Amino acid sequence: MSSFKDGALEFVRRIAEVTGQKPTQIARSAGLAPSTLNNFLRDPDTHTLSLSTAEKLDSLCADMGLSVRFRDFLPPDDEATIDAKADAA
């Protein structure tokens, strides 16, 4: 798995741990299809999270007052890539 994917997997697991919610509940709260998180967690080798999905989960965490942030689960080289994509948008 890539470092982005590893970080995304740990990020989603951490949200579930902190909130006590199941992935389906988390996805619905973030405005995502439940299958988005369920498929990723069930089989991360063939499914991934898009940056926009990670951003929606990040927003959900901020709205819930959680200190969990996606970039905290990424190595520095991936953070730079995400910053560059955000600047281009």
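Structural data are supplied above this passage.
Here's what I pulled together on the structure shown here. Counting of residues starts from 1 at the beginning of each chain's written sequence and follows it residue by residue. The model is predicted, so local features are restricted to residues of pLDDT at least 70 and side-chain atom pairs to those at 80 or more, both for listing and for counting; the totals for chains, interfaces and linings are taken over all residues. In computing side-chain values, all of the structure's heavy atoms are included and hydrogens and water are not.

**Some details on the overall build of the protein**
Part 1 of the reasoning: A run of DSSP states H or I qualifies as a helix once it reaches four residues; a run of E qualifies as a strand once it reaches two. Both are numbered from the N-terminal end. When helices and strands are counted, the protein shows 5 helices and 0 strands.
Part 2 of the reasoning: Evaluated residue by residue, the protein yields a buried proportion of 29% over its 89 residues.
Part 3 of the reasoning: In what follows, a contact means two residues having at least one pair of non-hydrogen atoms within 4.5 Å. Intrachain contacts of the protein at a sequence separation of at least 6 include 62% that bridge at least 24 residues.
Part 4 of the reasoning: For the protein, the computed accessible surface area is about 5,100 Å², with 48% contributed by carbon and sulfur atoms. Exposure classes here rest on a 1.4 Å probe applied to the protein chains alone. A residue is buried below 20% of its type maximum, exposed above 50%, and partly exposed in between. We get accessible surface area from the Shrake-Rupley algorithm with a probe of 1.4 Å; when it comes to residues, only the shown protein chains can shield them.

**Considering the side chain of threonine 53**
Part 1 of the reasoning: Structurally, threonine 53 is set in helix H4 (residues 51–63).
Part 2 of the reasoning: In this structure threonine 53 touches Leu32 and Thr36, once residues within four positions along its chain are discounted.

**Section: the packing of aromatic side chains**
Part 1 of the reasoning: Any two rings among Phe, Tyr and Trp, with Trp reduced to its six-membered ring, count as a pair given centres within 6.5 Å; such a pair is stacked if its planes are under 30 degrees apart, edge-to-face if over 60, and tilted if neither. Inspection of every chain in the model, using the stated rule, returns 3 aromatic pairs.
Part 2 of the reasoning: One aromatic cluster is present, formed by Phe4, Phe11, Phe70 and Phe73 through successive ring pairs.

**Re the side chain of lysine 5**
Part 1 of the reasoning: Its place among the elements puts lysine 5 in helix H1 (residues 3–19).
Part 2 of the reasoning: Within the local environment of lysine 5, its side chain forms a polar contact with the backbone oxygen of histidine 47, the two atoms lying 3.2 Å apart.
Part 3 of the reasoning: Lysine 5 has contacts with Phe40, Pro44, Asp45, His47 and Thr48, leaving out every residue within four places of it along the chain. Under the rule applied, a polar contact is a pair of N or O atoms within 3.5 Å (in protein, one hydrogen donor and one hydrogen acceptor; residues adjacent in sequence only if both atoms are side-chain atoms).

**Considerations on the pattern of salt bridges**
Part 1 of the reasoning: In the sections that follow, a salt bridge refers to a side-chain nitrogen of Lys or Arg positioned within 4 Å of a carboxyl oxygen of Asp or Glu. By the definition in use, this model includes 2 salt bridges.
Part 2 of the reasoning: Its salt-bridge partner being arginine 13, residue glutamate 10 comes within 3.4 Å of it at the nearest N-O pair. With a gap of 3 residues between them, glutamate 10 and arginine 13 both fall in helix H1, about one helical turn apart.
Part 3 of the reasoning: Residue classification places glutamate 10 among the partly exposed residues on the basis of a relative accessible area of 40%.
Part 4 of the reasoning: Taking the shortest distance from any N to any O, the salt bridge between glutamate 17 and arginine 14 comes out at 2.7 Å. With glutamate 17 and arginine 14 both in helix H1, this residue pair falls 3 residues apart, about one helical turn.

**Brief notes about the environment of asparagine 38**
Part 1 of the reasoning: The residue asparagine 38 is located in helix H3 (residues 34–42) in this model.
Part 2 of the reasoning: It is 6.3 Å that separates the C-alpha atoms of asparagine 38 and proline 23, two residues lying 15 residues apart in sequence.
Part 3 of the reasoning: If sequence neighbours within four positions are ignored, asparagine 38 has contacts with Pro23 and Thr24.

**Quick look at the packing of H1 against H4**
Part 1 of the reasoning: In the contact formed by H1 and H4, the axes pass within 11 Å of each other and the chain directions differ by 30°. It follows from the interaxial angle that H1 and H4 lie roughly parallel. The two elements H1 and H4 cross, and the hand of that crossing is left-handed. Along its contact with H1, which presents Phe11, Val12 and Ile15, the element H4 presents Ala54, Leu57, Asp58 and Cys61.
Part 2 of the reasoning: Residues were grouped as follows: Ala, Val, Leu, Ile, Met, Phe, Trp, Tyr, Cys and Pro as nonpolar; Asp, Glu, Lys and Arg as charged; and all remaining residues, including Gly, as polar. A class-by-class count of the residues in the contact of H1 with H4 yields 6 nonpolar, no polar and 1 charged. Structural elements are reduced to axes, namely lines fitted to C-alpha atoms, with helices fitted over the stretch in contact, and the angle between N-to-C directions of any two is expressed from 0 to 180 degrees. Throughout this description, any angle smaller than 35 degrees is read as roughly parallel, any larger than 145 degrees as roughly antiparallel, any in the 65 to 115 degree range as roughly perpendicular, and the remainder as oblique. By convention, the crossing between two helices is left-handed when the near helix turns anticlockwise from the far helix through less than a right angle, and right-handed when the turn is clockwise.

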